[in-house]
Amino acid sequence: MQIIPVRIEKEIEPCDDISKLIIDSVEIYDGDILVIAQKIISKQEGRIVELSSVVPSLLAEGISSQYEKNPRIIELILKESKQIIRMQHGIIIVETNNGFICANAGIDECNVKNGFVTLLPLDSDASAYKIRKEIMEKINKTVSVVISDTFGRPFRMGQTNHAIGIS
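First things first, this report covers the structure right here in the doc.

The rules behind the values
- Residues numbered from 1 in each chain as written.
- Predicted model: local features only at pLDDT ≥ 70, side-chain atom pairs only at ≥ 80, totals over all residues.
- Heavy atoms only, no water.
- Pairing = 2+ DSSP bridges.
- Helix = DSSP H or I, 4+ residues; strand = E, 2+ residues; numbered from the N terminus.
- Axes fitted to C-alpha atoms, helices over the stretch in contact; angles between N-to-C directions.
- Contact = heavy atoms within 4.5 Å.
- Phe/Tyr/Trp six-rings, centres within 6.5 Å; stacked < 30°, edge-to-face > 60°.
- Lys NZ or Arg CZ within 6 Å of the ring centre and 35° of its normal.
- 1 Å grid on protein atoms, 1.4 Å probe; cavity = no way out; pocket = protein on both sides within 12 Å on 5 of 7 lines; lining within 4 Å.
- Points joined across faces, edges and corners; volume = space filled by probe spheres on them.
- Parallel < 35°, antiparallel > 145°, perpendicular 65-115°, else oblique.
- Left-handed = near helix turned anticlockwise from the far one by under 90°.
- Nonpolar A, V, L, I, M, F, W, Y, C, P; charged D, E, K, R; others polar.
- Buried < 20%, exposed > 50% of the residue type's maximum accessible area, 1.4 Å probe, protein only.
- Arc of directions from axis to C-beta.

**Some remarks on the sheet that holds strand 3 (residues 81–88)**
A sheet is described by the order of its strands in space; here 3 strands give the open sequence 3-4-5, paired in antiparallel fashion. Looking along the sheet, the strands with just one partner apiece sit at the ends: strand 3 and strand 5 (101–103). Along the sheet, successive strands turn relative to each other by an average axial angle of 30°, direction set aside. Contacts from helix 4 (residues 71–79) reach strand 3 and strand 4 (91–96), with the element oriented near 130° to strand 3.

Here it is as structure tokens:
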């Protein structure tokens, strides 16, 4: 097995053609498995939110005061979640609308402009399928696509990567 990082030398924007960016960045062979960071998919799908545009609810304000978190982020966590599983030590573990159990509903402030956050893709499996299909159509190569995200381990030290979309 050989792992080859793919460097895309541009900031991903909504509606960028991810399959074309990948094809232009690395040689692809039949049977390759492409692992794509969730952040790229979220940015491409426009799942970026400017925090100043979020109006926190009374519930978000209350949770925020208890857990010393930005009430706008709490509001997004609530909107992106089916249910709160546990809140402890400033950590909010939820079941997301996609069915993932993770901290903060996967909302992430890293690698985006200050004052913005990314949300998880709405349907990571569909995103992976679309990229796989486009690569087949453009260069006639059969690949597998995995959308991956780093998840903390609730109430434990360390991070792990998880496949959140597969095709």
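**Regarding the pairing of strand 3**
Sheet faces and side chains relate simply in a regular strand, where the side chains alternate between the two faces. Two strands pair when backbone bridges link them, and strand 3 and strand 4 are joined in this way by 6 bridges, in the antiparallel orientation. Paired with Q83 across the bridge in strand 4 is E95.

**Regarding the packing of aromatic side chains**
Per the counting criterion, the structure on display carries 0 aromatic pairs. Above the plane of the ring of F116 lies K113, whose end atom (NZ or CZ) is 5.3 Å from the centre.

**Notes on the layout of surface pockets**
Considered as a void within the structure, the largest pocket measures approximately 840 Å³ in volume. The wall of the largest pocket is formed by 27 residues, among which I4, P5, V6, L34 and V35 lie closest to the centre. Counting only elements with at least two residues in the lining of the largest pocket, the list comes to helix 1 (18–25), strand 1 (33–37) and helix 2 (38–44). For the lining of the largest pocket, the element with the most residues is strand 1, which contributes 5 residues.

**What about the packing of helix 1 against helix 5 (residues 124–139)?**
Here helix 1 crosses helix 5 at 55°, and the two axes come no closer than 9 Å. As the angle between them shows, helix 1 and helix 5 are arranged oblique. Considering the relative orientation of helix 1 and helix 5, their crossing is right-handed. Residues I18, S19, K20, I22 and I23 of helix 1 touch helix 5, and the partners they reach there are I131, E134, I135, K138 and I139. Counted by class, the contact of helix 1 with helix 5 contains 6 nonpolar, 1 polar and 3 charged residues.

**So, helix 3 (residues 58–67)**
Buried within helix 3 are the following residues: A60, I63, S64 and Y67. In a view along the axis of helix 3, the buried residues occupy a sector of 105°, so they form one face of it. Away from its buried face by more than 90 degrees, helix 3 exposes L58, S65 and Q66. Tucked inside the fold, the buried residues of helix 3 contact helix 4, strand 3 and strand 4.

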